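# Fold and contact review
Here are the chains, one letter per residue:
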Amino acid sequence: MRVAIHTLGCKVNQYESQAMEELLRARGHSLVPFEAQADVYLINSCTVTATSDKKSRQAVRQARKRAPGALVALCGCYPQVSPEAARQLEADLIGGSGDRRGFLDLLEQLARTREKAVALDDPFRRRVFEALPAGGLEGRTRAMLKVEDGCTNFCAYCIIPYARGAVRSLPVEQAAAQARDLAEAGYRELVLTGIELSAYGRDLPERPGLAALIAQVCRAVPGMRVRLGSLEPRTVTEDFCAQLAGLPNLCPHFHLSLQSGCDATLARMKRRYTTERYLESVELLRRHFDRPALTTDLIVGFPGEEEEFAQTLDFIRRCGFAQMHIFPYSRRQGTPAAGMPGQIPNGEKARRAHQGAELARAMEKSWLSSWMGQRVAVLFEEEKDGFWRGYTPQYIEVRGKGENLHNRVCPVTLTAVGEGVAFGVVTEEEAP
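Now for a look at the structure at hand. The residue count restarts for each chain, going from 1 along the sequence in the order it is written. The predicted origin of the model limits local features to residues at a pLDDT of at least 70 and limits the giving and counting of side-chain atom pairs to 80 or more, whereas totals for whole chains, interfaces and linings rest on all residues. For side-chain calculations, the full set of non-hydrogen atoms in the structure is used, while hydrogens and water are omitted.

Only protein atoms enter the 1 Å grid used here, on which a cavity is any set of points holding a 1.4 Å probe that cannot leave and a pocket is any open set flanked by protein within 12 Å on both sides along at least five of seven lines; residues with an atom within 4 Å of a point are listed as lining. Grid points are joined across faces, edges and corners, and a volume is the space filled by probe spheres set on the points. As a volume, the second largest pocket reaches approximately 290 Å³. Surrounding the second largest pocket, 20 residues form its lining, Pro248, Asn249, Leu250, Pro252 and Pro393 being those nearest its centre. Basically, the charged four are Asp, Glu, Lys and Arg, the nonpolar ten are Ala, Val, Leu, Ile, Met, Phe, Trp, Tyr, Cys and Pro, and anything else, Gly included, counts as polar. Residue composition of the lining of the second largest pocket, grouped by class: twelve nonpolar, four polar and four charged.

The subject of this paragraph is the pairing of strand β15 (residues 375–384). For β15 and strand β18 (residues 409–417), the ladder comprises five bridges, and the chain directions are antiparallel. Bridge pairing in β18 places Arg375 opposite Thr413. Between any two strands, at least two bridges found by DSSP are needed for them to pair. We count a stretch as a helix when DSSP gives it H or I for four or more residues in a row; a strand needs E for two or more, and each element gets its number in order from the N terminus. Between β15 and the antiparallel strand that follows it, strand β16 (residues 387–391), lie two residues; Asp385 among them carries a positive phi value of about 55 degrees.

What follows concerns the packing of helix α11 (residues 275–288) against helix α12 (residues 308–319). Note on geometry: axes are C-alpha line fits, over the in-contact stretch for helices, and angles between N-to-C directions span 0 to 180 degrees. Packing of α11 against α12 leaves a shortest axis separation of 11 Å and a crossing angle of 15 degrees. Looking at the two axes, α11 sits roughly parallel to α12. Along this stretch, α11 crosses α12, giving a crossing that reads as right-handed. In this structure, α11 uses Thr275, Tyr278, Leu279, Val282 and Arg286 to contact α12, whose residues at the interface are Phe315, Arg318 and Cys319. Among the residues forming the contact of α11 with α12, the class breakdown is five nonpolar, one polar and two charged. Under this scheme an angle from 65 to 115 degrees is roughly perpendicular, one under 35 degrees roughly parallel, and one over 145 degrees roughly antiparallel; angles in between are oblique. By definition, turning the near helix anticlockwise from the far helix through less than a right angle yields a left-handed crossing, and turning it clockwise yields a right-handed one. We call two residues contacting when some pair of their heavy atoms lies within 4.5 Å.

Moving on, we come to empty space enclosed by the protein. Tallying each qualifying case throughout the model produces one cavity of 30 Å³ or more. The volume enclosed by the largest cavity comes to roughly 40 Å³. If you go around the largest cavity, the residues you meet are Asn153, Cys155, Glu232, Arg234, Arg271, Arg272 and Tyr273. The class makeup of the residues in the lining of the largest cavity is two nonpolar, one polar and four charged.

Turning to the sheet that holds strand β19 (residues 422–426), a few remarks are in order. Two orientations exist for strands paired in a sheet by backbone hydrogen bonds: parallel and antiparallel. One closed barrel accounts for five strands, arranged β15-β16-β17-β19-β18; its pairing is mixed. Going across the sheet, the axis of each strand differs from the next one's by a mean of 55 degrees, ignoring polarity.

To continue, consider unusual backbone geometry. A positive phi angle, near 75 degrees, is found at Gln259, a position not held by glycine. Tracing the sequence through the fold places Gln259 in the loop between β12 (253–255) and α10 (263–269). A positive phi is found at Asn404, a non-glycine position, where the angle reads about 50 degrees.

This is the structure in structure tokens:
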């Protein structure tokens, strides 16, 4: 079969789509772009916001319109949380957020019988981590390895615990083994990811913490960069930093989820830290690591946020982030926040998002400017518009000129700042 996959949502979804691609190829099927003619259109959906739901529905309809005779399969978080709405779409196969191999079994069965099917389970009954083939989407440059699934935080604005269920973790030894396989396949960087990465190991008998996992993976692949996905701020302790600071291949890039810089807003969000505890994590990372990049997410316009927004702006100035992702609050039905008083009009949310983005851009420019004249190591990924594009361990995007730099780590002297990127001179090409 010719299969086209469309992925919405987070890095975990991207990882799972890549894994399904590997499994499909192993079964003898071919992959084609989603815009092409295919025998099967597979939509791996997202449900984090109402907009995500809408995009998932649109993708199903687009596939059906593009090729009326093709099979359309829908899986992921949207049908897991909204099964009745998913059933109303013109999908031939509906699955949830787990058992990817079983979903592909049903897909092959559907191709033979043309009998529609719905296969949804209760995510809260899942107890075993589903190990999937790891790989990458960056032309054998950067790979992702999912080491954790599920979340039990139940933040007031978030539906994902209902889509993913309880915490399940990939055992440390298996994670290290997969990392070694990826290094042998030629990948130069590994991103550890999960739905709630900081919860790693809580379900395993020996209860290894995230720091133990990171240390073992880093030691298993000493020639490979290891980058972390999003962390809950309370993960960062003195002990956590002490265990990791001596690992030379751990990227000094830490994405600490913030969401708000006001304690009252954080309490309504049911986040489990205060701004004081968050700032403690920021200071610990800067004390233990050499010029780490600190990045974050911010939600603006949460119900009841009025003068609290000014407090948030003051707080992010204190943190001095290298980069920020800013989202206007999206009212997600099925969450406590959807029924809270003090809902903010969309226009005001957009205004605050714009104001936050302006501050974020200024901080990013300051961060990039501080690196001018420095010599940095860049892992180059692709050539575009006459420049090779790559990233430093701090996840600074760098553009430079050279010959065949793909998947090479090269020294670059940074010379200029662009819009969210740095330009530099490749001073010495790595030997093949």
